[in-house]
Amino acid sequence: QVQLVESGGGLVQAGGSLKISCEASGRTFMFNVMAWYRRAPGKERELVAGITIDGSTNYADSVKGRFTISRESERLYLQMDSLKSEDTAVYYCNAYGHRGSIPYDYWGQGTQVTVSS
């Protein structure tokens, strides 16, 4: 089995920066896609940013130019700059794809990011 564990969340003032991390453990392998999602209070989970195995990235419009996703092997990072109160959410790490013909979709437990205005 594969476990994803997020870390680095916390409380930060608006305009500040925070870097969160996700580390895979267990029977890991090179994931096709890794991504960050978030769920704000009272809202549905949304995609924040994703990165493929070849390094291609995509971002939600709301975070473009402020957030940067990166990966090293099976570690995933999200550098968050110019944080806004609306970035307050639980951030989840996700890894998905296919291994041969078998799909996989792993999720972490989440890390809380709170931005105070």
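Residues numbered from 1 in each chain as written. Predicted model: local features only at pLDDT ≥ 70, side-chain atom pairs only at ≥ 80, totals over all residues. Heavy atoms only, no water.

Draft legend 1. Examining the overall build of the protein more closely. Across its full length, the protein holds zero helices and 11 strands. Beginning at the N terminus, the succession of helices and strands in the protein can be written as β-β-β-β-β-β-β-β-β-β-β. Its C-alpha atoms give the protein a radius of gyration of 14 Å, near enough to 13 Å, the size a compact globule of 117 residues would have. Here the C-alpha coordinates of the protein stretch approximately 45 × 25 × 25 Å along the principal axes. Every one of the 117 residues in the protein was classed for burial, and the buried ones make up 42%. Partitioning the contacts of the protein with sequence separation of at least 6, the portion at a separation of at least 24 is 56%. Summing over all exposed atoms, the protein offers an accessible surface of approximately 6,400 Å²; the carbon and sulfur share of this is 47%. Across the protein, the centroid of the 12 positively charged side chains sits 2 Å from that of the 12 negatively charged ones. (Helix = DSSP H or I, 4+ residues; strand = E, 2+ residues; numbered from the N terminus. Rg over C-alpha atoms; globule rule 2.2 N^0.38 Å. Buried < 20%, exposed > 50% of the residue type's maximum accessible area, 1.4 Å probe, protein only. Contact = heavy atoms within 4.5 Å. Areas by Shrake-Rupley, 256 points an atom, 1.4 Å probe, with all protein chains shown as cover. Lys, Arg positive; Asp, Glu negative; His and termini not counted. Charge placed at Lys NZ, Arg CZ, Asp CG, Glu CD.)

Draft legend 2. Just the nonpolar core, in detail. Counting 31 residues, the largest nonpolar core has Leu4, Phe31, Trp36, Leu78, Met80 and Tyr91 as the members making the most contacts within it. When neighbours within four sequence positions are excluded, Leu4 is seen to be in contact with Cys22, Glu23, Ala24, Phe31, Cys93, Asn94, Ala95, Tyr106, Trp107, Gly108 and Gln109. (Core = buried A, V, L, I, M, F, W, Y, C linked by side-chain atoms within 4.5 Å.)

Draft legend 3. How the structure looks around the packing of aromatic side chains. Per the counting criterion, the structure on display carries six aromatic pairs. Summarising the aromatic geometry, the rings of Phe31 and Tyr104 are spaced 5.9 Å apart at their centres and angled 50° between planes, so their arrangement reads as tilted. Note that Phe31 is positioned in the loop between strand E3 (18-26) and strand E4 (33-39) and Tyr104 in strand E10 (residues 102-107), a separation of 73 residues in sequence. Of the residues examined, Phe31 reaches a relative accessible area of 0% and is grouped as buried. An aromatic cluster of at least three residues, connected via ring pairs, comprises Phe29, Phe31, Tyr104 and Tyr106. The residue whose ring lies beneath Lys19 is Tyr77, and the NZ or CZ to ring-centre distance is 4.8 Å. Sitting above the plane of the Phe29 ring, Arg99 keeps its charged end 4.2 Å from the centroid. (Phe/Tyr/Trp six-rings, centres within 6.5 Å; stacked < 30°, edge-to-face > 60°. Lys NZ or Arg CZ within 6 Å of the ring centre and 35° of its normal.)

Draft legend 4. Structural context of the state of the cysteines. Summed over all chains, the structure comprises one disulfide. Across the disulfide from Cys22 sits Cys93; the S-S distance is 2.1 Å. Residues Cys22 and Cys93 are joined through a disulfide that is left-handed, its torsion about the S-S bond being -75°. With Cys22 in strand E3 and Cys93 in strand E9 (residues 89-99), this residue pair connects regions lying 71 residues apart in the sequence. According to the relative accessible area criterion, Cys22 is buried, its value standing at 1%. Cys93 gets classed as buried once you look at its relative accessible area, which sits at 0%. (Disulfide = S-S within 2.5 Å.)

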